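Residue-level structure breakdown
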Amino acid sequence: MMKTLKTVFAKEVIDNFRDRRTLMSALLMGPLFGPILFAMIINLSLSQSLSDDTEALQLPVIGAERAPNLMDYLASNNIDIIDAPPDRDAAIAAVTRGDHDVVVIVPEEFGEQFADMIPARIEVISDQANTTAEREARRAKRALQAWYQEIAALRLSARGIDPSMVRPINIDDVDVSTPSGRSAVLLGMLSYFFIFALLTGGMNLAIDATAGERERGSLEPLLCLPITRDALIVGKILAACLFMAISLSLSLTSFYVTLKFVPLERLGMTPNFGPDVVITAFFLLVPFALLGAALMTLVASFTRSYKEAQTWLSVVLLAPTLPILVVSILQVRPTTLLMTVPSLSQHLLLVGLIRNEPLEALHVLVSVTGTLTLGVLVAWLCARLYRREGLLG
Amino acid sequence: MISVSRLYKSFGDVKAVDGVSFDAPDGHITGLLGPNGAGKSTTLRILYTVLKPDAGTAMIDGTDVMADSLEARRRIGTLPHGSGLYPHLTARENIAYYARLYGMPAGRIDEQVQRVIDELDLRDEADRRTKGFSQGQRTKVALARSLVHGPKNVILDEPSNGLDVMATRSLRELIRELKNAGRCVLFSSHVMQEVAALCDSIVIIAGGRVALHDTLDGIRAATGCDDLEEAFVKAIARVGGDSDR
């Protein structure tokens with residue numbers, strides 16, 4: 001039994017290392033897909049959500065000469081006043097076209113109103129539907145507000161009133177999230193990328209065990225050999241596990257490298273994803289390989305051809321997302337009971353790891369044994385099905 | 001030595017094998033002849049244990065294929081219908097894989113693989129990957145891997161399918177050599193000329209039943225037809241002619 005198992009395992013490994021299709025999915029597609037997609041999403045959201053405060057805001061102002069003090073204030077706050085369209089209509093047209101993100105209008109009566117201490121009108125024209133333009137408009141409005149608070153304080157002081165009197169409360173934001181905690185929200189979706197990479201790594205081998213061998217006509221002669229079908233199917237599942245483990249480790253490594261090039265600090269996140277985390281994550285996730293390989297082999301054994309198997313297995317690829325999705329919507333905390341659910345337990349452990357929280361030994365134990373047990377169970381079911389006559393199709 | 005006695009096998013309502021009995025002795029070529037769907041492949045599949053009979057027994061060298069299927073499989077070399085190879089492995093690797101699975105001691109594998117490569121005249125293509133092999137080359141490799149452990153009994157299911165004239169000739173020669181080496185050879189075919197040219201005895205199967213089991217001359221005498229094709233048609237008609245199955 002052991003000798004047969006080893007022989008089958010060794011043959012599958014050699015065979016698949018020579019198969020371009022397997023290599024593509026195991027060593028390239030799976031490991032690179034996640035990190036590259038992730039880096040793209042991060043970079044996109046970075047450029048969307050972070051206005052570059054260090055860069056001067058180019059602000060067109062109509063009637064700048066009517067409020068010289070304000071213009072001086074803006075200039076000292078890193079806002080460059082630039083030439084504006086000639087009038088209000090032209091300004092609206094320019095903002096609508098997207099020539100300017102925001103235009104400020106200081107009306108003619110501004111000086112008069114300001115001097116009379118009537119609230120003086122200033123118009124800020126922007127397109128609120130455009131997120132980048134809206135950000136620029138907010139920055140301009142923030143500066144205007146800061147200036148008016150300053151003026152208000154000056155006016156009160158001139159009348160002998162303490163400006164703090166008109167500020168009955170002071171709101172202080174205390175954020176307890178740590179930089180690595182904030183990154184966990186984003187990095188939470190990683191666990192799925194890793195499980196995806198793991199599954200794609202063994203997909204072709206899982207199909208090959210039944211549908212592939214059958215389609216090639218190599219199954220029947222194989223079953224005529226003096227070996228037990230159990231040894232055959234277990235050898236094949238284990239070979240699929242090896243490819244899954246390789247794919248997982250490549251995926252973790254490529255993600256580790258990618259993170260070095262993604263400026264997560266600028267989102268206020270310090271990803272806790274060092275080499276030690278990579279290695280721990282590998283051992284937390286790798287028990288899923290047996291379950292994945294067995295499950296894929298099981299599903300593939302019901303199909304008639306390689307193509308059909310691929311179709312069904314893409315459903316299996318999505319299955320592990322379900323618990324992850326539910327949990328990220330419900331925002332549950334890890335419990336021992338949840339650790340019995342495969343893919344979910346791996347996800348929760350990985351999130352905890354990235355949050356830099358201490359791993360609970362019991363949780364790890366339940367996750368690993370639970371997932372492995374289920375894997376053995378499904379593998380056993382595969383072996384049962386492999387014994388039936390209908391296998392030859 | 002292969003012996004089959006009162007074998008039955010149905011798939012749903014269809015009786016694929018309906019009480020087949022015959023013996024195939026050592027040093028003897030036995031041909032299983034019958035139209036498509038006569039039950040030839042099902043009978044052979046029961047013999048090499050991938051199907052279980054509903055009733056009846058099949059013995060290989062006295063080992064019941066049901067009671068001890070592992071031992072029975074150890075005693076046969078099989079070429080199932082449409083045998084496929086692993087395209088990413090070389091011919092030699094394909095054969096060696098089977099040698100290992102037959103449980104051959106590691107020290108003997110290389111030598112035995114080389115022996116069948118020589119016997120089947122596969123030297124030129126032995127170290128090429130089998131992807132892109134011709135049908136003839138593929139059949140030879142499949143045959144080589146089923147003979148690598150030197151089985152006493154050889155079961156071939158329509159081995160000449162898809163082979164050209166030269167490949168068929170070399171296959172026939174090989175089958176004769178197996179016979180001369182004292183092996184029991186059982187093969188199925190729906191081509192009369194091939195069976196006539198090769199077999200010591202012929203089992204004509206139709207509708208899952210044995211219509212006739214005799215030597216070539218015996219069949220001629222029994223049907224009263226000199227022409228083999230006529231004899232074949234007459235023999236099939238005897239069992240009721242349900243030749244669609």
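Relevant structure appears above.
Residues numbered from 1 in each chain as written. Chains lettered and ligands numbered in written order. Predicted model: local features only at pLDDT ≥ 70, side-chain atom pairs only at ≥ 80, totals over all residues.

Further remarks concern the overall build of chain A. Scanning chain A for helices and strands turns up 16 helices and four strands. Here the C-alpha radius of gyration of chain A, 31 Å, is well above what a compact globule of 393 residues would show, namely 21 Å. Seen through its C-alpha atoms, chain A measures out along the principal axes to roughly 105 × 45 × 30 Å. Per-residue burial for chain A yields a buried fraction of 38% across its 393 residues. (Helix = DSSP H or I, 4+ residues; strand = E, 2+ residues; numbered from the N terminus. Rg over C-alpha atoms; globule rule 2.2 N^0.38 Å. Buried ≥ 20, exposed ≤ 12 C-beta atoms within 10 Å, placed from the backbone.)

Remember that side chains alternate between the two faces of the sheet whenever the strand is regular. Residue and element names in this part refer to chain B. For strand β9 (residues 201-206) and strand β10 (residues 209-214), the ladder comprises five bridges, and the chain directions are antiparallel. Bridge pairing in β10 links V203 to H213. Turn length for the β9-β10 hairpin, with the two strands adjacent in sequence and antiparallel, is two residues, and the turn residue G207 shows positive phi of about 55°. (Pairing = 2+ DSSP bridges.)

Residue and element names in this part refer to chain B. Taken in spatial order, the four strands of this open sheet run β2-β1-β4-β5, and their pairing is antiparallel. With partners counted over all chains shown, the strands left at the sheet margins are β2 (14-24) and β5 (63-64), one partner each. Bridge analysis of strand β1 (residues 2-11) against strand β4 (residues 55-60) gives five bridges, and the strand direction is antiparallel. Looking across to β4, one finds that Y8 is bridged to A55. Running over the sheet, helix α1 (residues 40-47) touches β1, β2 and β4 and is turned about 115° from β1. (Contact = placed C-beta atoms within 7 Å. Axes fitted to C-alpha atoms, helices over the stretch in contact; angles between N-to-C directions.)

On to the interface of chain B and chain A, then. Taken together, the contact between chain B and chain A spans 24 residues of the former and 18 residues of the latter. Broken down by secondary-structure element, the contributors of at least two residues to the side of chain B that touches chain A are α2 (69-74), α3 (91-101) and α5 (135-147) of chain B. Considering every element that reaches the side of chain B that touches chain A, the biggest residue donor is α3(B), with four residues. For the side of chain B that touches chain A, the class distribution of residues is 13 nonpolar, seven polar and four charged. (Nonpolar A, V, L, I, M, F, W, Y, C, P; charged D, E, K, R; others polar.)

All names here are of chain B. One open sheet holds the six strands; their spatial order is β6-β7-β8-β3-β9-β10, and the pairing between them is mixed. Two strands lie at the open edges of the sheet, namely β6 (76-79) and β10, each paired on one side alone. Geometrically, the sheet is characterised by an average inter-axis angle of 15° between neighbouring strands, direction not taken into account. In the sheet, β6 pairs with strand β7 (residues 153-157) via four bridges, with the strands oriented parallel. Residue pairing in the sheet places T78 in a bridge with I155 of β7. Sitting on the sheet, α5 is in contact with β6 and β7, with an inclination near 165° to β6. Sitting on the sheet, helix α8 (residues 216-223) is in contact with β9 and β10, with an inclination near 115° to β10.

With that settled, the discussion passes to helix α15 (residues 344-354) of chain A. All names here are of chain A. Taking burial as the measure, the 11 residues of α15 include 10 buried ones, the bulk of the element. Listed as buried for α15 are L344, S345, Q346, H347, L348, L349, L350, V351, L353 and I354. Within two residues after α15, N356 carries a phi angle of roughly 70°, on the positive side.

Residue and element names in this part refer to chain B. Looking at helix α9 (residues 228-238), one finds that the buried residues are A231, F232, A235 and I236. The arc that holds every buried residue of α9, seen down its axis, measures 130°, which confines them to one face. Next to the buried residues of α9 lie α7 (192-198), β9, β10 and α8. (Arc of directions from axis to C-beta.)

The subject of this paragraph is the nonpolar core. Inside soluble globular proteins, nonpolar side chains tend to come together where they are buried. Residues A:L198, A:I237, A:A293, A:A294, B:I95, B:A144 and B:I204 are the most contacted members of the largest nonpolar core, which totals 142 residues. If we skip the residues at most four places from it in the chain, B:A144 touches B:I95, B:V116, B:I117, B:L120 and B:L122. Counting 22 residues, the second-largest nonpolar core is a separate cluster that includes A:L57, A:V61, A:A120 and A:A140. (Core = buried A, V, L, I, M, F, W, Y, C linked by C-beta atoms within 7 Å.)

Turning to the environment of A:P287, a few remarks are in order. Residue and element names in this part refer to chain A. In this fold, P287 is placed in the loop between α11 (275-285) and α12 (288-301). Residues P287 and G370, 83 residues apart in the sequence, show an inter-C-alpha distance of 9.3 Å. For P287, the contacting residues outside a window of four places in its chain are V368, T371 and L372.

Glycine aside, negative phi is the norm for most residues, and most peptide bonds take the trans geometry. Residue and element names in this part refer to chain A. Phi angles above zero are rare outside glycine, and M117 is one such case at about 60°. Here M117 is to be found in the loop between α5 (110-115) and β4 (123-126). M117 sits in the exposed class, given 9 other C-beta atoms within 10 Å. The backbone of S343 sits at a positive phi, close to 70°, despite the residue not being glycine. Locating S343 in the fold gives a position in the loop between α14 (321-330) and α15.

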